[in-house]
Amino acid sequence: MRVRFWGVRGSTPTPQKENMGYGGNTSCIEIRTDTNQILIFDGGTGIRNLGNDLQQEHGDKPINAHIFFSHFHLDHIQGVPFFRPLYNPRNHFTFYFAGRRDANLVMDALAGMMANPYFPVDMSKLPCSREYVDLVEGTFTVADTRILVLPLNHPQGCVGYRIMQNGKVISYCTDVEHGVGWSDRNILMLAKDSDFFIVDAQYTPEELPDHIGWGHGSWQQAIEIGIEAKVKRIALYHHDPYHEDSDVEKILDAASKLYPNVIAAREGLEVSV
Ligand SMILES: [Zn+2]
Ligand SMILES: [Zn+2]
């Protein structure tokens, strides 16, 4: 499998020169399976550039992709209205979320963001074909991959994903606050022996005490749980909007001392698993 990072910033976009090294777009990653199926995780502002890239790649051929949401906080959905492949009737998309027990709620969350007076195009008017799937917690098959989905501790809920194909594993665990038993156990299950563990690392350990209940973790917690889960490689993700490139570099330096095989997720970065 192949992972590409299109948005790595947490909470809000940060288009300013101090952040351009790692990037200012909010959460969005693309996974290409070994059979070139397209799996997209989160629709933050990074999904806009992904849309342009997919259009260039496909030309006149239809795009068929699976879009999974960790949750519906704005930084994970706000790029969706600007994902241009939605405006082409040849394209087909399946949207997934878990835990609401109602596929209409998946649709409603996205449609609500595009409703009057927030956006001029009603979601029901989009010309692409699409379906909405409410996943039940557990393992399912999509596009020749096995995917495990489990809830994580975050205000208003969030889910993490474990994507498995041909003996390789990618884990996507963003927007999670540590220290709650059931959620910590779920992170371990999602991350266990993973080849590539993409994890919320919003804060420094020093910042964490002032952000209890905000739903995120520190880079140190990310490394500790990655070591416990025996993952092979860690990507620190969902960078705090107040962390400039120089701050992310410091975080990466400190994290490398605890665990050498760590990177800080950066827009445009591609990793083969
Ligand atoms: Zn977020
Ligand atoms: Zn969130």
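Check the entry above for the structure.
Residues numbered from 1 in each chain as written. Chains lettered and ligands numbered in written order. Predicted model: local features only at pLDDT ≥ 70, side-chain atom pairs only at ≥ 80, totals over all residues. Heavy atoms only, no water.

(A) Structural detail: the coordination of the zinc ion (ligand 1). At 2.1 to 2.2 Å from the zinc ion (ligand 1) lie its protein donor atoms, namely Asp75 (OD), His76 (NE2), Asp175 (OD) and His238 (NE2). Around the zinc ion (ligand 1) sit four donor atoms, and with donor-metal-donor angles ranging over 93 to 164° the site reads as irregular. Here the donor residues of the zinc ion (ligand 1) are spaced in sequence according to D-H-x98-D-x62-H. The zinc ion (ligand 2) is placed at 3.6 Å from the zinc ion (ligand 1), the two being bridged by Asp175. (Donors = N, O, S within 2.8 Å, 3.2 Å for Na, K, Ca; no water. Tetrahedral: all angles 85-135°; square planar, octahedral: opposite > 155°, others 65-115°.)

(B) Expanded view of the coordination of the zinc ion (ligand 2). Protein coordination of the zinc ion (ligand 2) is provided by His71 (NE2), His73 (ND1), His154 (NE2) and Asp175 (OD), with donor distances spanning 2.1 to 2.5 Å. Coordination at the zinc ion (ligand 2) comes from four donor atoms whose angles at the metal span 88 to 173°, giving a geometry best classed as irregular. Summarised as a motif, the one-chain spacing of the donors to the zinc ion (ligand 2) is H-x1-H-x80-H-x20-D. The exposure class assigned to His73 is partly exposed, which follows from its relative accessible area of 22%. Given a relative accessible area of 1%, Asp175 falls into the buried group. (Buried < 20%, exposed > 50% of the residue type's maximum accessible area, 1.4 Å probe, protein only.)

(C) Quick peek at the sheet that holds strand 6 (residues 129-135). Read across the sheet, seven strands follow the order 6-5-4-3-2-1-14 without closing on themselves; strand pairing throughout is mixed. Since the sheet does not close on itself, it has two edges, and those belong to strand 6 and strand 14 (270-272), each with one partner. Here the strands of the sheet are splayed against their neighbours by 20° on average, with no regard to which way each runs. Two elements, strand 2 (residues 28-32) and strand 3 (residues 38-41), share four bridges in a ladder whose sense is antiparallel. Its bridge partner lying in strand 3, Arg32 is registered against Ile38. Contacts from helix 1 (residues 46-58) reach strand 1 (2-7), strand 2 and strand 3, with the element oriented near 35° to strand 2. (Pairing = 2+ DSSP bridges. Helix = DSSP H or I, 4+ residues; strand = E, 2+ residues; numbered from the N terminus. Axes fitted to C-alpha atoms, helices over the stretch in contact; angles between N-to-C directions. Contact = heavy atoms within 4.5 Å.)

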